[in-house]
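# Structural overview for review
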Amino acid sequence: MAYWLIKSEPSAYSWEQFVKDKKTSWTGVRNAQAALNLKAMKPGDQCFFYHSNEGKEIVGLAEVVKAAYPDPTDEAGKAVTVDVKVLGPVKTPVTLAAIKAEPKLKDFGLVRQSRLSVVPVSIEQWKLIEKMAR
């Protein structure tokens with residue numbers, strides 16, 4: 001199993017909407033590096049759901065339920081999407097400020113490549129962020 005962080009602006013697609021939907025296709029990713037990350041995702045992989053721009057915090061957990069396939073929202077036919085389902089909210093949202101303040105997370109993709117919408121999370125980073133979310 002691998003671990004990931006997926007980002008969405010709450011005004012575009014919020015955690016609350018995801019909870020209502022229960023499952024969604026993670027469409028609209030056009031950055032090449034983020035697309036490579038989507039292609040690496042496998043069913044059963046776990047994801048942090050992060051609100052970007054507004055809120056700037058990890059608010060929930062998701063699971064990949066379908067591996068990468070062509071994104072139907074991409075007219076060019078080059079982009080991919082994955083399907084994810086809700087696992088549940090984190091007990092305490094983990095803010096970007098808290099993540100940046102933790103020296104052990106200095107190499108975390110959210111810190112190093114802040115504009116990337118899909119980033120891998122190492123097992124060590126996952127465990128630490130889970131602990132911060134309790």
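We now turn to the structure provided with this report.

About the criteria used
- Residues numbered from 1 in each chain as written.
- Predicted model: local features only at pLDDT ≥ 70, side-chain atom pairs only at ≥ 80, totals over all residues.
- Heavy atoms only, no water.
- Helix = DSSP H or I, 4+ residues; strand = E, 2+ residues; numbered from the N terminus.
- Rg over C-alpha atoms; globule rule 2.2 N^0.38 Å.
- Buried < 20%, exposed > 50% of the residue type's maximum accessible area, 1.4 Å probe, protein only.
- Contact = heavy atoms within 4.5 Å.
- Areas by Shrake-Rupley, 256 points an atom, 1.4 Å probe, with all protein chains shown as cover.
- Lys, Arg positive; Asp, Glu negative; His and termini not counted.
- Charge placed at Lys NZ, Arg CZ, Asp CG, Glu CD.
- Pairing = 2+ DSSP bridges.
- Axes fitted to C-alpha atoms, helices over the stretch in contact; angles between N-to-C directions.
- Phe/Tyr/Trp six-rings, centres within 6.5 Å; stacked < 30°, edge-to-face > 60°.

What follows deals with the overall build of the protein chain. Within the protein chain, the secondary structure is distributed over five helices and six strands. Put simply, the protein chain runs from its N terminus to its C terminus through helices and strands in the order β-α-β-α-β-β-β-α-α-β-α. Relative to a compact globule of 134 residues, whose C-alpha radius of gyration would be 14 Å, the protein chain shows 14 Å and is just as compact. The proportion of buried residues among the 134 residues of the protein chain is 44%. Intrachain contacts of the protein chain at a sequence separation of at least 6 include 67% that bridge at least 24 residues. Put simply, the protein chain shows about 7200 Å² of open surface, and 51% of that area lies on carbon and sulfur atoms. For the protein chain, the separation between the mean place of its 20 positive charges and that of its 15 negative charges on side chains is 4 Å.

Once that is clear, we can look at the environment of Val80. Position of Val80 among the secondary structure elements: in strand β5 (residues 80-95). The spatial distance from the C-alpha of Val80 to the C-alpha of Met1 is 20 Å, given a sequence separation of 79 residues. Setting aside its immediate chain neighbours within four residues, Val80 contacts Trp26, Ala35, Leu38, Lys39, Ala68, Tyr69, Pro70 and Asp71.

Our focus in this paragraph is the sheet that holds strand β1 (residues 3-8). With mixed pairing, the six strands of this open sheet are ordered in space as β2-β5-β4-β3-β1-β6. Edge positions in the sheet fall to β2 (23-25) and β6 (118-121), since each has one partner strand and no second. On average, each strand axis in the sheet is inclined to that of its neighbour by 35°, with strand direction left out of account. Taken together, the six bridges between β1 and strand β3 (residues 46-51) define a ladder with parallel strand orientation.

All right, on to the packing of aromatic side chains then. A complete count under the given rule lists eight aromatic pairs for this structure. Here the aromatic rings of Trp15 and Phe49 are separated by 5.3 Å at their centres, their planes lie at 65°, and the arrangement is edge-to-face. Here Phe49 lies in strand β3 and Trp15 lies in helix α1 (residues 15-21), a separation of 34 residues in the sequence. Accessibility assignment for this pair places Trp15 and Phe49 in one class, buried. Through successive ring pairs, a cluster of aromatic residues spans Tyr13, Trp15, Phe18, Trp26 and Phe49.

With that out of the way, let us pick up unusual backbone geometry. Of note in the backbone geometry, Asn53 takes a positive phi value of approximately 60° without being a glycine. With respect to the element layout, Asn53 can be found in the loop between β3 and β4 (57-70). Asn53 sits in the partly exposed class, given a relative accessible area of 48%. The backbone of Lys56 sits at a positive phi, close to 50°, despite the residue not being glycine. Structurally, the position occupied by Lys56 is in the loop between β3 and β4. Judged by relative accessible area, which is 41%, Lys56 ranks as partly exposed.

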